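Here's the letter readout for the chains.
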Amino acid sequence: MATLKEIRVRFKAVKNIQKITKAMKMVSAAKMRKAQERILSTRPYARKLSELMGQLVALAHLSDHPLTQEREIKKRVVVLVTADRGLCGAFNSNIIKFTVNHLNAIGKDTALVTIGKKGFDFFNKRQYNVIKNYPGLFQNLNIQESNEIVSYLKDLFVSGEYDFIEVIYNEFKSIIKQNITTETLLPFSKKINTDKKLMNASFIYEPEAKKILQELIPKELNIQFWKALLESNASEQGARMTAMDAASNNAGDLIQALNLSYNRARQESITKELLEIVSGAEALKKE
Amino acid sequence: MDNLLNIEIVSPEKNVFLGTAKVLTVPGVEGLFQVLNMHAPMISMFETGVITIEDEKGEKINFSTRGGVLEVKDNKIVVLADTAEAKDSIDVERAERAMQRAEERLKEGGKGFDRERAKFSMQRAKIRLKVAGILK
């Protein structure tokens, strides 16, 4: 059995850990709420833009825009969105595992663009073909940086260097559930909006519909990617919150167990001392 | 109340404005234009400039924008702006710094100098300052 002092030291250490995990949980809870709000606030824009696009696609065909060119797929890019930091349960490892499997299926030499430090660390160490890394994006997540990444990806596609670009990210389902999602970014495609009401209204287009459509494609790409980043951000905070909640609970259990053994050890030592005194007194009496 | 427009201005990051107004002025790609009551259905692009909303009392609200697209239908206008900033959300100091930087670059020129870009950022800064009420 451990000595009293040893138990006391461990007891203190666990208590400190619990303090930290509790604080981290509260911080991520606040961050998650904010992240959720940001997802919600992109929705009106995204919905309307998508509606407009669907309507315009019916009038003008997409096929001659450089971002919609469907070529024979020779070289692919996978954009992987992970977190910059750990301590969020299986958040990073799940998506990395998924990506490894995906890469095995489509070819190990597929170019990787990693967003978030964790994904980069993993794939860079293992000799994967990481062509670009964006670390530290989530500390101050803003749409300008997101758009810059999109324009980098667009260049890769338009230059003809790569023929297919997809994003893998964690979609935010709920605090405890994330969905690993694969989305095609380029070539760009859009379904025709079949809403009859919209089709029948005769709109004035300024400039012509085709030109508007071409202007809208990059906007839609931007918002699609921005949404993926926001979803991943909210998922990360949610995963961290649940992980830290579990850690706090475990620390609580450990504290209880340590408390019990501490009391037991204390009682034992008192009993032992008493026994010594009594037997000492007995011995004195006999003499 | 019948001759009012329902206006919604949204950017990718937030809902900027939701309300009614009499006149909407937009820097369209083919020139500045106004939308009034009973406008025909329209989808139009607009570029960097100032969006102005005039409410029933004649009071004006300005937004600086970097362009976008808008839809007019049944007196309802949805403005999808890449950015839209009202007076109180403009960082005046930043706009002033951007303005200075662009001015210096335009003066000095030099290696790898992109005149178009400098001009563009100067224009943006100017619009921001205008909306903030600092520049006339």
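Here the structure is shown first, and the text comes after it.
Residues numbered from 1 in each chain as written. Chains lettered and ligands numbered in written order. Predicted model: local features only at pLDDT ≥ 70, side-chain atom pairs only at ≥ 80, totals over all residues. Heavy atoms only, no water.

Residues and elements named next belong to chain A. The residue K118 is located in helix α3 (residues 117-125) in this model. K118 gets classed as partly exposed once you look at its relative accessible area, which sits at 30%. Dropping the residues within four chain positions of it, K118 is found in contact with T82, A83, D84, R85, G86, N92 and I96. (Helix = DSSP H or I, 4+ residues; strand = E, 2+ residues; numbered from the N terminus. Buried < 20%, exposed > 50% of the residue type's maximum accessible area, 1.4 Å probe, protein only. Contact = heavy atoms within 4.5 Å.)

This paragraph deals with the pairing of strand β7 (residues 76-81) of chain B. Residues and elements named next belong to chain B. Counted residue by residue, β7 has five buried out of six residues, so it is predominantly covered. Bridging between strand β1 (residues 5-10) and β7 involves five bridges; their strand directions are parallel. Bridge pairing in β7 links E8 to V78. One ladder, built from six bridges, connects strand β6 (residues 60-73) with β7; its direction is antiparallel. By the bridge assignment for β7, G68 is matched with A81. Here β6 folds back onto β7, and the loop between the two strands holds two residues, one of which, D74, carries a positive phi near 50°. (Pairing = 2+ DSSP bridges.)

Further remarks concern the nonpolar core. Of all hydrophobic cores here, the largest spans 57 residues; its most connected members are V79(A), I115(A), L153(A), I165(A) and F225(A). A total of 14 residues in this core trace back to one element, the largest contributor, which is helix α6 (residues 209-286) of chain A. Residues L24(B), V26(B), M42(B) and A84(B) belong to the second largest nonpolar core, which totals 21 residues. (Core = buried A, V, L, I, M, F, W, Y, C linked by side-chain atoms within 4.5 Å.)

To continue, consider the pattern of salt bridges. Summed over all chains, the structure comprises 11 salt bridges over all chains. Notably, a salt bridge pairs E166(A) with R76(A), separated by 3.3 Å at the nearest N-O pair. Separated by 90 residues along the polypeptide, E166(A) in strand β4 (residues 164-174) and R76(A) in strand β1 (residues 76-81) bring together distant segments of the chain. D82(B) is the salt-bridge partner of K219(A), the closest N and O atoms lying 3.0 Å from each other. With one member in each of two chains, K219(A) in helix α6 and D82(B) in the loop between β7 and β8 (84-86) form a pair that bridges those chains. Under the relative-accessibility criterion, K219(A) is labelled buried at 13%. (Salt bridge = Lys/Arg side-chain N within 4 Å of Asp/Glu carboxyl O.)

The next subject is the side chain of E166(A). All names here are of chain A. What makes E166 buried here is its relative accessible area of 5%. A distance of 2.9 Å separates the side chain of E166 from the side chain of H102, its partner in a polar contact. Sequence-distant contacts of E166, that is, excluding residues within four places in its chain, are made with R76, V77, V78, V79, H102, I106, T182, E183, T184 and L185. (Polar contact = N/O pair within 3.5 Å; in protein donor to acceptor, adjacent residues only side chain to side chain.)

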